[in-house]
Amino acid sequence: MKDYYKIGEISKIYGIGRDSLMYYEDIGILKPFRDKNGYRMYKLSDIWRLNLIKELRSLNFPMKKIKEYLDDRNIESTKEILNKEIILIDEKIEELLSYKQNIMKRLDTINDELRNLKLYEIDLVYINKRKSRELNANITKDEEFDFLIQKLQKDYENRFTILGNNNIGSSFCLDKIKQGIYNEFKSVFCFLEDEEEIYNIIFNEGYYLTLTYKGKYKNNKHYINKMFKYIEEKGYKIISDPIEIYKIDIHETEDINEFITEIQIPVDINHNKND
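Read on for a plain summary of the structure. (Residues numbered from 1 in each chain as written. Predicted model: local features only at pLDDT ≥ 70, side-chain atom pairs only at ≥ 80, totals over all residues. Heavy atoms only, no water.)

**As for the nonpolar core**
Heads up, the condition is: Nine residue types can take part in a nonpolar core, namely buried Ala, Val, Leu, Ile, Met, Phe, Trp, Tyr and Cys, and a core is a set of them joined through side-chain atoms within 4.5 Å. Only protein chains enter the area calculation, which uses a 1.4 Å probe; residues under 20% of their type maximum are buried, those over 50% are exposed, and those in between are partly exposed. The helix count covers DSSP runs of H or I at least four residues long, the strand count covers runs of E at least two residues long, and both are numbered beginning at the N terminus. Any two residues whose heavy atoms approach within 4.5 Å at even a single point are treated as in contact.
One finds Val-188 and Ile-265 to be the most contacted residues of the largest nonpolar core, which totals 31 residues. Contributing elements (two or more residues each) for this core: strand 5 (130-139), helix 6 (142-155), strand 6 (168-172), helix 7 (174-178), strand 7 (185-191), strand 9 (206-214), helix 8 (220-234) and strand 12 (260-268). The leading source of residues in this core is helix 8, at five residues. What Ile-265 contacts, discounting residues up to four positions off in sequence, is Tyr-207, Tyr-208, Leu-209, Met-227, Phe-228, Ile-231, Ile-238 and Pro-242. Leu-21, Ile-53, Ile-66 and Leu-70 belong to the second-largest nonpolar core, a separate cluster that totals 21 residues.

**Digging into the environment of Tyr-14**
Mapped onto the fold, Tyr-14 is located in helix 1 (residues 7-14). Classification of Tyr-14 by relative accessible area gives buried; the value is 13%. Leaving out residues up to four positions away in the same chain, Tyr-14 has contacts with Ile-47, Leu-50, Asn-51 and Lys-54.

**Some remarks on helix 3 (residues 48-58)**
Counting along an α-helix, one turn takes 3.6 residues, and residues three or four places apart therefore face a common direction. We count it as follows: In this context, the arc is that of the directions from the helix axis out to the C-beta atoms.
Of the positions making up helix 3, those classed as buried are Arg-49, Leu-50, Ile-53 and Leu-56. The buried residues of helix 3 occupy one face: seen down the axis, they fall within an arc of 135 degrees. Those residues of helix 3 that are buried lie in contact with helix 1, helix 2 (18-26), helix 4 (63-71) and helix 5 (75-115). Directly after helix 3, the chain includes Asn-60, whose backbone phi takes a positive value near 65 degrees.

**What about the side chain of Glu-134?**
Counted only if it meets this: Lys and Arg are tallied as positive, Asp and Glu as negative. Neither His nor the chain termini are counted. A pairing counts as a salt bridge when a side-chain nitrogen of Lys or Arg comes within 4 Å of a carboxyl oxygen of Asp or Glu. Identification of polar contacts relies on pairs of N or O atoms within 3.5 Å, with a donor-acceptor requirement for protein atoms, meaning one able to donate a hydrogen and the other able to accept it, and with residues adjacent in sequence counted only if both atoms are side-chain atoms.
For Glu-134, the location among the structural elements is in strand 5. For Glu-134, which is buried and forms no salt bridge, the nearest opposite charge comes from Lys-186, at a distance of 7.6 Å. A polar side-chain atom of Glu-134 sits 2.7 Å from a polar atom in the side chain of Ser-187. Beyond its immediate sequence surroundings of up to four residues, Glu-134 is in contact with Leu-152, Ser-187, Val-188, Phe-189, Asn-200 and Ile-201.

**Some words on the packing of helix 1 against helix 2**
Under the convention used in this document: To define axes, lines are fitted to C-alpha atoms, for helices over the stretch in contact only, and angles between the resulting N-to-C directions are given on a 0 to 180 degree scale. In what follows, roughly perpendicular refers to angles from 65 to 115 degrees, roughly parallel to angles under 35, roughly antiparallel to angles over 145, and oblique to any angle outside these ranges. Crossing chirality is assigned from the near helix's rotation relative to the far helix, an anticlockwise turn below a right angle marking it left-handed and a clockwise turn marking it right-handed. In the scheme used here, Gly and all other residues not listed as nonpolar or charged are polar, with Ala, Val, Leu, Ile, Met, Phe, Trp, Tyr, Cys and Pro taken as nonpolar and Asp, Glu, Lys and Arg as charged.
Viewed as axis vectors pointing N to C, helix 1 and helix 2 meet at an angle of 110 degrees, and their least axial separation amounts to 9 Å. In terms of orientation, helix 1 and helix 2 fall into the roughly perpendicular class. The chirality of how helix 1 crosses helix 2 is right-handed. Contact residues: Ile-7, Gly-8, Ile-10 and Ser-11 in helix 1; Arg-18, Leu-21 and Met-22 in helix 2. The residue inventory of the contact of helix 1 with helix 2, partitioned by class, reads four nonpolar, two polar and one charged.

Shown next as structure tokens:
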């Protein structure tokens, strides 16, 4: 075994980039010497530092803390840092368990949608108020919708997920629908949990006419017209823009025939009585 190693050899052995090794040198954790050709040479007796650096970095210890430990090690400081490792591991376990629960919840959401699927039927339902994050924009393409959802998620610090989320949707422009235009939307949104404190719009509680369909989005024209006819027959009044909620979409499947979309239209069912 050699007594000295060049930076390229150390980088290969430890899987640590040259830039990282040079950074460790800059902050004084590693102190290679130069050979007669100017190459950095690392002493075998100093390599133990890389073992500790790699282990502590894997637990997200900051470099400043690692340097302090390496510069002043004793039994007490070693016991202290090992206890901190335990705390960090426990925190990682909690984080992973929380992430697992989140994934299971999303799987349950998908399974519930498929299990309780009720297609092509018009229902009148009373829905409580819903907090939402909304991003206003004129949307005419699916790609624009996906871009805006990503922007909405970023603007709210990734506080909601996309895969397995059946609370993401978009708002139609009622005036455009009346002109026969069904592929233009005013905004994208994501419904939130009741306890969420960061939101920018509330969808009012009240009666909504709902219909769930499967397949291509362009089929919404047929179902919206069917719902409008129903509203006219019942003497209801549309009180704000209809919305579409994407229960299953491109994020869960590339098969358009598997897409599941729910249309909701807020209505005043006592319109005639009020008159």
